[in-house]
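# Remarks on the overall topology
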Amino acid sequence: VRPVRRVLVTWLFLGALSVEAQSSKPYVTPNAPLLGSAWYPEQWPESRWDADLALMEQAHMNVVRVGEFAWSTMEPSEGHYDLDWLDRVITLAGKHHLAVVIGTPTDAPPAWLSTKYPDTLGMNADGRYREHGGRRQFNYASPRYRHLCALIVTQMARRFGHNPNIIGWQIGNEYTDESFDPATRAQFQHFLETRYKTLDNLNRQWSTAYWSQTYTAWEQIPLVNTNGNPGLLLEHKHFVTATWRSLQREQIDILRPAILPSQFITTNIGGLAWSDNWDHYAMTADLDLASWDDYVGQGHLQSARNAMLNDFVRGWRRQNFWVMETQPGSVNWAPINNALAPGETRSLAWQAIGHGADAVLYWQWRDALNGQEQYHGAIAGPDGKPLPIYSEIQQLGRDLELARSVIADTVPHAEIAILHDYDSRWAIDFQPHSREYDQQQVLVRFYAPLQELAHSIDVIQPMTNLDGYKLLVAPSLNVIPQYLANHLLAWVQAGGHLLLGPRSGMKDEFNSLNPQCQPGPLAAPLGGRVEQYYALDQPVSIGKGTADIWGEQLSAIAPDTTVDLMYGAGNGWLEGKPAMIARVIGKGSISYLGTLPDEAAMRTLLTAAAQNAHTTVSTDSVPKDVELCIRSNAARTITILINHSSSLQHATLEGRYRSLFPDVSVVSNANTTTVQLSSQGIAVLEVSR
Ligand code: GAL
């Protein structure tokens, strides 16, 4: 068995670690931004379909997503396909002017499949096999499961690939659960053999003399996702990424030759985009379009966080994206499933559009009468009649009718980017050292003041083309191998300004400590380094402010390395020591900030960094609760204002603007325009000529 499996596994992983885009076609959504919903006609009598679609059309929706959990309806028993109903669904949607996104149903295998082929079931990390009755019970690495997926996807591609009413394809749904069964473990071992070639090499890179972990045969290497050697844990993440990516690739390879060139291929990425199960850059590299599921869950829209998440998604492929799912008011999975306030659902959608979304789809149209999600927010009730949220979504539909022609083909542009990278995310998450070091919050601490300064921020991975950026901020770029240091340094030499945040450059690509100390291979160019790091249980003082969670004692070694910030009292080891150092390099500079300053101190520091990098600083006067987003193309610039508060707000912008919405008050004088925004109000503005 082993040689056969080896061939298969080698094929599976060939190229799967590269982030190089396999899809050359940049996808442009026609008639963007689209509005729609997930809809499960297989759960309802056919006599009801027309009424549902008519209500969608009346809400000004123009896209509907179907099919992604309907395997048991499409293939009721092995090899017996019934796709006629889906054909009728697509035709009927077309009559209501709704384009269709069709999902491959491979996230929810039918009972006959799990029963007949128990080897397709995945094993949880605790050693228990999953069962039928929920979804995602399959083993993502199982060749047999993939073969069964290929059969149903082939049927769908043949039947619907040339249907002009299908705008795109979604593969699976939110790739989530990995598997720890013996066959997958053997694949992992072979994956390691392909990467490391020899056990000597692996033993050296993982320092396996530690605790007698030394391996003398590939079969000895465990498959774990917690408490393992950090080198092994990092490789497991690479393996999970490569395995999901090859599963996805198999479906792409069936679809692409069989479908119209106009139809996109995507997958909807869950975990609020932030899940760290696998590398989102690698996974979306093979797709035409990135899409994500934007849920608020408990509480209310945290605007900076959700803005950052949208920018993060736009950064996966560095192009506009879709929100494939968002909540119509509330969810069913949070500790308290409160509803968003009136107007907030519309703001959530406009925020996504402001940050580059070209479609917003709700999950879901109407709850199934039974099944695990009966309490989830929906647009239509169990009686099929519109719920109160329907009118708010209908208003959004009206907004889009008014704004679509000017927003289509526009994208956000930024001079400042935040660097995010999965190896660094994982390396810190395996060993956070302080439970307070939440990497998303750390990122938002840098993002929020930068967004206030510049409005448009990119969030990108560092091993990409950095031309055009003036300032790069890397809040916790923990893994800096030599090749990444060289890449960043070349950009700095040419005039870029790089601000590294705490924990940067601690590790290499094997998750080993860099012997130069932080920031690893950038320590010599910086002319300084981290002498010691401290998890802080109390804030410390820095300059005129405070800092918390993490503090690093820095040293400036080169004579021209400057100390830009010092620690005051609060932690004996840090007192009087450098908290931030910087050095001019070529036409640019590198700075290293070893702690997490409070909001005001962070704003001061980042304002100085932006000035130093000569970024364009906005002179518009926008209240704190109002967000300003800009999308543009060569022909026009569109400004979107979102009042995230429940009170009346005014924003004053430089220049003369006209509002696309007749009910928004806009007063222009010679050089400025004042816009009045009601509670949760939205304004979409075009420069008036
Ligand atoms: C998503 C999932 C949907 C639905 C939704 C509920 O993660 O893709 O199928 O379960 O959550 O919020």
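Keep in mind that what you see is a predicted model, and the values were worked out from it rather than measured.

Cut-offs and rules
Residues numbered from 1 in each chain as written. Predicted model: local features only at pLDDT ≥ 70, side-chain atom pairs only at ≥ 80, totals over all residues. Heavy atoms only, no water. Helix = DSSP H or I, 4+ residues; strand = E, 2+ residues; numbered from the N terminus. Near = heavy atom within 4 Å. Polar contact = N/O pair within 3.5 Å; in protein donor to acceptor, adjacent residues only side chain to side chain. Areas by Shrake-Rupley, 256 points an atom, 1.4 Å probe, with all protein chains shown as cover. Nonpolar A, V, L, I, M, F, W, Y, C, P; charged D, E, K, R; others polar. Buried < 20%, exposed > 50% of the residue type's maximum accessible area, 1.4 Å probe, protein only. Contact = heavy atoms within 4.5 Å. pLDDT = per-residue confidence, 0-100. Pairing = 2+ DSSP bridges. Axes fitted to C-alpha atoms, helices over the stretch in contact; angles between N-to-C directions. Parallel < 35°, antiparallel > 145°, perpendicular 65-115°, else oblique. Left-handed = near helix turned anticlockwise from the far one by under 90°. Phe/Tyr/Trp six-rings, centres within 6.5 Å; stacked < 30°, edge-to-face > 60°. Lys NZ or Arg CZ within 6 Å of the ring centre and 35° of its normal.

Residue Pro-33 is reached from Ala-32 by a cis peptide bond, and omega for that bond is -5°. Within the fold, Pro-33 resides in the loop between helix H1 (2-13) and strand S1 (34-38). For the bond from Trp-363 to Gln-364, the omega torsion is 0°, close enough to zero to count as cis. Tracing the backbone shows Gln-364 in the loop between strand S9 (357-362) and helix H13 (389-407). With a phi close to 50°, Ser-207 is a non-glycine residue in the positive phi region. Although it is not a glycine, Asn-511 sits at a positive phi angle of roughly 65°. By the element assignment, Asn-511 lies in the loop between strand S13 (497-500) and helix H17 (523-526).

Attention now goes to the site of the ligand. Around the ligand sit Phe-69, Arg-135, Asn-173, Glu-174, Asn-268, Asp-293, Tyr-295, Glu-325, Trp-333, Trp-363, Glu-373 and His-376, and those are all the residues in its vicinity. Within the side chain of Arg-135, one N or O atom sits 2.8 Å away from an oxygen atom of the ligand. Across the complex, the protein chains shield 94% of the 310 Å² of accessible surface that the ligand would expose by itself. Residue composition of the shell around the ligand, by class: four nonpolar, three polar and five charged.

Another aspect to go through is helix H2 (residues 46-58). Along H2, the positions that sit buried rather than exposed are Arg-48, Trp-49, Asp-52, Leu-53, Ala-54, Leu-55 and Met-56. Turning to H2, the residues buried within the fold contact strand S2 (63-66), helix H4 (84-95) and H13. Phi turns positive one or two residues past the end of H2, at His-60, with a value near 65°.

Considering every residue of the protein, the mean pLDDT works out to 95; 96% of them sit at 70 or more. Overall, residues 1-17 carries pLDDT values under 50, and its contacts beyond four positions in sequence, including any with other chains, amount to 28 contacts.

Now for the pairing of strand S4 (residues 166-170). The buried fraction of S4 is high, at five of five residues. Two strands pair when backbone bridges link them, and strand S3 (residues 99-103) and S4 are joined in this way by four bridges, in the parallel orientation. Within S4, the position partnered with Gly-103 by the bridge is Gln-170. Relative to strand S5 (residues 264-266), S4 runs parallel, the two sharing three bridges.

This part covers the packing of helix H15 (residues 439-454) against helix H18 (residues 599-612). In contact at an axis separation of 9 Å, H15 and H18 are set at 55° when each is read in the N-to-C sense. It follows that H15 is oblique to H18 by the angle criterion. In this structure, the crossing between H15 and H18 has a hand that is right-handed. Touching Arg-445, Phe-446, Pro-449, Leu-450, Glu-452 and Leu-453 of H15 are Met-602, Arg-603, Leu-606, Thr-607 and Ala-610, all from H18.

Okay, the pairing of strand S23 (residues 649-654) next. Burial along S23 is one-sided: the residues Gln-649, Ala-651 and Leu-653 are buried and none of His-650, Thr-652 and Glu-654 is. Of the strand pairs in this sheet, S23 and strand S26 (residues 672-677) are connected by six bridges, and their pairing is antiparallel. Bridge assignment links Leu-653 to a residue of S26, and that residue is Thr-673.

On to the packing of aromatic side chains, then. Under the criterion given, the structure shown has 27 aromatic pairs. Their ring planes at 70° and their centres at 5.1 Å tell us that Tyr-27 and Phe-264 sit as a pair that is edge-to-face. Linking Tyr-27 in the loop between H1 and S1 with Phe-264 in strand S5, this pair joins segments that are 237 residues apart in sequence. When the centroid spacing of 5.7 Å and the interplanar angle of 10° are considered together, the rings of Tyr-533 and Trp-550 count as stacked. In this pair, Tyr-533 sits in strand S14 (residues 528-535) while Trp-550 sits in strand S16 (residues 545-556), placing the two residues 17 residues apart along the sequence. A cation over an aromatic ring shows up here: Arg-503 above the ring of Tyr-437, its NZ or CZ 4.5 Å from the ring centre. For the cation-ring pair, Arg-503 lies above Trp-550, with the distance from its terminal atom to the ring centre recorded as 3.9 Å.

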